[in-house]
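# Per-entry structural report
The chain contents come next:
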Amino acid sequence: MAVPPEIEQRAIELREQLAEHNHRYFVLDDPTVSDADYDALLRELRGIEDQFPELIVPDSPTQRPGGAASALFAPVEHRQPMMSLDNAFDLDELLAWGKRLERTLGDPASNPLDYVCELKIDGLAMSLTYERGRFVRAATRGDGRVGEDVTANVATIAAVPKRLKGPDVPDLVEVRGEVYMPLGAFAQLNERQLAAEARPFANPRNAAAGSLRQKDASVTAGRELALWSYQLGAVEGGPSFRSHQETLDWLRAIGLPVNPEIRTLGSLEEVHRFCGHWQQHRHDLDYEIDGVVVKVDDLGQRRELGSTSKAPRWAIAYKFPPEERTTRLNAIMVSIGRTGRATPFAQLEPVFVSGVTVVQATLHNEDQVRAKDVRPGDTVIVRRAGDVIPEVVGPVLAERPKGLRRWKFPKDCPVCGQPLSRVEGESDTFCVNRDCPARTVGWISHFASRGAMDIEGLGERTVYQFAELGLLADPGDIYGLDWDRVRDLAGFGELSIANLQQAIEASKSRPLGDLITGLNIRHAGGTVARLLARSFGSLDRIMDASAEEIAAVEGIGRVIAESIHEWFEDERHREVIDKLRSAGVDFGRVEEPTAPQVLVGKSIVVTGTLEGWSREAAEEAIVERGGKAPGSVSKKTTAVVVGEAPGNAKVTKAQELGVPILDEAGFAHLLETGELPSA
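In what follows, the accompanying structure is described. (Residues numbered from 1 in each chain as written. Predicted model: local features only at pLDDT ≥ 70, side-chain atom pairs only at ≥ 80, totals over all residues. Heavy atoms only, no water.)

## Examining the overall build of the chain
To be explicit about the condition: Runs of E in the DSSP output that reach at least two residues are strands. Runs of H or I that reach at least four are helices, and both are numbered from the N terminus. Residue exposure (1.4 Å probe, protein chains only): buried if accessible area is under 20% of the type maximum, exposed if over 50%, otherwise partly exposed. We call two residues in contact whenever any of their non-hydrogen atoms come within 4.5 Å of each other. Methods summary: accessible areas were calculated by the Shrake-Rupley approach with a probe of 1.4 Å, and residue burial reflects only the protein chains presented. Neither His nor the chain termini are counted; the positive set is Lys and Arg, and the negative set is Asp and Glu. Just so you know, the charge point we use is NZ for Lys, CZ for Arg, CG for Asp and CD for Glu.
What the chain contains, in helices and strands, is 24 helices and 21 strands. Considering only C-alpha atoms, the chain reaches an extent of 85 × 65 × 55 Å along its principal axes. Taking all 679 residues of the chain together, 51% fall into the buried category. By sequence separation, contacts in the chain at least 24 residues apart represent 68% of the contacts at least 6 residues apart. Per element, the accessible surface of the chain, about 31,800 Å² overall, is 49% carbon and sulfur. With 79 positive and 103 negative side-chain charges, the chain shows a spacing of 4 Å between the two charge centroids.

Quick look at the structure:
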């Protein structure tokens, strides 16, 4: 049947769009669409070409790898092409791929298939060439046939061996791998960018690609790139292999880094479970992945399956749902929190990211907005990783309309109209009006929350309703609510009122640490609150303590101590305390620790990001076991627990003083036994 003209025109438009996106992604390192948006365009074009094969042209993006070599570096021709991969997005597509394999290979009972599953690293594909065991060349994938010579830059990567080891090193070997930037290194790089008032990188992949395409290799050397190797290219004079797993074992044996999470599985159902596991646990890693690459293990079966012009038939990429999408930034607004902190956030055209529709995203603070230079009207990259609050990563500058003005932080509070004030030496801006309705609602909601006094039924919407009617002005008013007025409100029957009354009454006997948390003292979160409770034993003793006495509690520094002391010196805060006292709230119930007290007398400093713990949770775990979790290293420090992107000063100080440094496994051992792990 004839191709409808509008379909033919759409195919032309899609090819042109995809070619431009490929150029921006592979050559300029400046993509204007997310991977998910690109995949959608490519799938649309492939669908058209499947229906109308006469529209397929040799240079269609469906027929060849997407990249191209740039003019920045000398071209390098690969001895074996570096091909792209076809994609699967769910179990049905994965099983359909498996059925195609079976049709070629025959009965799986007589010709069984094993699959090697590799995490799909979100980095830059790289080909390394070794001659007689010596590293001689590194090249990007480019268009799959010709890449860029980035040898000098890749030579600065510590994970890339300069010489291969072992007795059976071939005369020549091409090794395929992925250069990536660890998340800890990425966080540090963006901190340096912000400190220099330079635009932060949008994601680790862009940062890695930009770092590799530096004319000055010393810049690359300072970016802490890493590499995982995953495939052999051309080999001359080396050993022979029967399976892909054997090649990976050999790569590891000759000194190349191979990802430890690779698994060989016997069915596509097992493969799908593996994919599901890593989709759920992708953020447990110190590098970004966007899927799983599934390969036929048997090399003989691979030869029988062959390849298309673009991709091998024996491999497929199972793609995870996207965590980044592009959308329009309609406006930048400012919210006021319970401490009065003014936080800018983006109002967005709705966009589906990582399983949810996102209409708002955080912009953190004034400095972040300035550094990212996002403006209302921009097309922006929105990221939602797991359950993390969505954030605007940055603008797509190539899509910026002319004439967009920089956004300026407002001078007045958007809620009460009073001035906003930025704290000297800090990045935070605050509403100065303590009676600001937003601050009032935020404080009371926090006081009633699960991490504090745990008053079920007194959520933010109810607090807002009560505050608007004048029933609540501060947390002390919770215990003197006018129940007759509450009964007149829609939605409050006798049962719901009785339940709320019971929850309020139960809150009077909460532990002292929870009460201090609920008071909303700046810098005094749950860990500090429990330290105060155990050190002083009652709220009255804390109120009467000087800043010096509070600072004497190990784990509470001078800044925190002064903040606590100033809070209790405030007459209005004293009035709230009086209301709580009159209501019979317990000021002296110190919760007995439930964890074994194995860290009594020990002082543990935590620095950097741990995979299994938030910073506060790690410090709470130390305190719960009788230890102290100060913010600085001294001669009294028992150990320093170091995660990703640690504070360099703390690590250096620990090394100078000879204080033991623990990784996360060592920390777990310490929490369980109270003893430092043996060397």
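So, next bit.
## Points about the sheet that holds strand S11 (residues 315-319)
Stated formally: Being paired, for any two strands, means DSSP has found at least two bridges between them. An axis is simply a line fitted to the C-alpha atoms; with a helix, the fit covers only the stretch in contact. Between two such axes, the angle follows the N-to-C directions and lies from 0 to 180 degrees.
Pairing in this open sheet of 5 strands is mixed, and the strands run S2-S11-S10-S3-S9 from one edge to the other. Single-partner strands in this sheet number two, and they are strand S2 (87-88) and strand S9 (263-265). Here 5 bridges tie strand S10 (residues 289-296) to S11, and the two strands are oriented antiparallel to one another. Paired with Val 294 across the two strands is Ile 316, which belongs to S11. With respect to the sheet, helix H9 (residues 268-281) is in contact with strand S3 (115-121), S9, S10 and S11, its orientation differing from that of S3 by roughly 20 degrees.

## Points about the pairing of strand S4 (residues 124-131)
Judged by how many residues are buried, S4 sits mostly within the fold: 7 of 8 residues are covered. When S4 meets strand S7 (residues 172-180), the two strands line up antiparallel, connected through 8 bridges. Pairing of Glu 131 across the sheet is with Leu 172, part of S7. Summarising the sheet, S4 and strand S5 (residues 134-140) pair through 6 bridges and their orientation is antiparallel.

## Quick word on the pairing of S10
Buried residues dominate S10, accounting for 8 of its 8 residues. Of the pairings in the sheet, the one linking S3 to S10 comprises 6 bridges and is antiparallel in character. Of the residues in S10, the one forming a bridge with Glu 118 is Val 293.

## Describing the pattern of salt bridges
As a reminder of what qualifies: Salt bridges are defined as contacts in which a side-chain nitrogen from Lys or Arg sits within 4 Å of a carboxyl oxygen from Asp or Glu.
All chains considered together, the criterion is met by 32 salt bridges. Among the salt bridges present, the one from Arg 341 reaches Asp 428, with a minimum N-O distance of 3.6 Å. Placement of Arg 341 in strand S13 (residues 341-353) and of Asp 428 in the loop between strand S17 (420-422) and strand S18 (429-431) is noted, with a sequence separation of 87 residues between them. By relative accessible area, Asp 428 is classed as buried at 15%. Each of Asp 373, Arg 375, Asp 378, Arg 400 and Arg 406 takes part in one network of salt bridges that share partners.

## As for the sheet that holds strand S19 (residues 604-607)
Spatially, the 3 strands line up as an open sheet ordered S19-S20-S21, and their pairing is parallel. The outermost strands of the open sheet, each flanked by one partner alone, are S19 and strand S21 (661-662).

## Observations regarding the packing of aromatic side chains
Any pair of aromatic rings gets described here by the distance separating the centres and the angle formed by the planes. Just so we agree on the cut-off: For Phe, Tyr and Trp, where Trp contributes only its six-membered ring, two rings pair if their centres lie within 6.5 Å, and the inter-plane angle classes them as stacked under 30 degrees, edge-to-face over 60, or tilted in between.
Tallying each qualifying case throughout the model produces 11 aromatic pairs. A centroid spacing of 5.9 Å and a plane angle of 50 degrees characterise the contact between Trp 97 and Tyr 115, whose relative ring orientation is tilted. Of this pair, Trp 97 sits in helix H3 (residues 91-105) while Tyr 115 sits in strand S3, and the two are 18 residues apart along the sequence. Tyr 115 matches Trp 97 in its accessibility class, with the two residues each being buried.

## Notes on helix H22 (residues 615-624)
Residues Ala 618, Glu 619, Glu 620, Ala 621, Ile 622 and Val 623 constitute the buried set of H22. One or two residues past the end of H22 sits Gly 626, with phi positive at roughly 90 degrees.

## A closer look at H3
An α-helical segment advances 3.6 residues per turn. Residues three or four places apart therefore align on the same side. Counted only if it meets this: Expected span of a helix: the number of residues minus one, times 1.5 Å. The arc under discussion is defined with respect to the helix axis, by the directions toward the C-beta atoms. Within 3.5 Å is the distance limit for a polar contact, defined as a pair of N or O atoms, with the added protein rule that one can donate a hydrogen and the other accept it, and that residues adjacent in sequence qualify only through two side-chain atoms.
Spanning 15 residues, H3 covers 21 Å between terminal C-alpha atoms, matching the ideal 21 Å at 1.5 Å per step. Every buried residue belonging to H3 is among Leu 94, Trp 97, Gly 98, Leu 101 and Leu 105, and all of these are buried. Looking straight down H3, one finds its buried side chains confined to an arc of 100 degrees; they lie on one side. Projecting away from the buried face of H3 at angles above 90 degrees are the exposed residues Asp 92 and Arg 103. Of the surrounding elements, those touching the buried residues of H3 are S2, S3, H9, S10, helix H10 (299-305) and S11. Two or three places before Asp 92, at the start of H3, stands the capping residue Asp 90, its side-chain oxygen 3.2 Å from that residue's backbone nitrogen. Downstream of H3 by one or two residues, Gly 106 has phi in the positive range, about 95 degrees.

## As for unusual backbone geometry
For Arg 132, which is not a glycine, the phi torsion comes out positive at approximately 50 degrees. Tracing the sequence through the fold places Arg 132 in the loop between S4 and S5. Look at Arg 132 and you get exposed, because its relative accessible area is 63%. Unusually for a residue other than glycine, Asn 520 sits at a positive phi of about 70 degrees. Mapping Asn 520 onto the fold places it in the loop between helix H16 (512-518) and helix H17 (526-536). Here Asn 520 falls in the buried class, since its relative accessible area comes to 10%.

## Brief notes about the environment of Leu 363
Examined against the element boundaries, Leu 363 turns out to sit in the loop between strand S14 (356-362) and helix H11 (366-372). On the basis of relative accessibility, which here comes to 0%, the residue Leu 363 falls in the buried class. Taking C-alpha positions, Leu 363 is 42 Å from Thr 264, a pair spaced 99 residues apart along the chain. Ignoring sequence-local partners within four residues, the contact set of Leu 363 consists of Ile 332, Pro 344, Phe 345, Ala 346, Gln 368, Val 369, Val 374 and Val 392.

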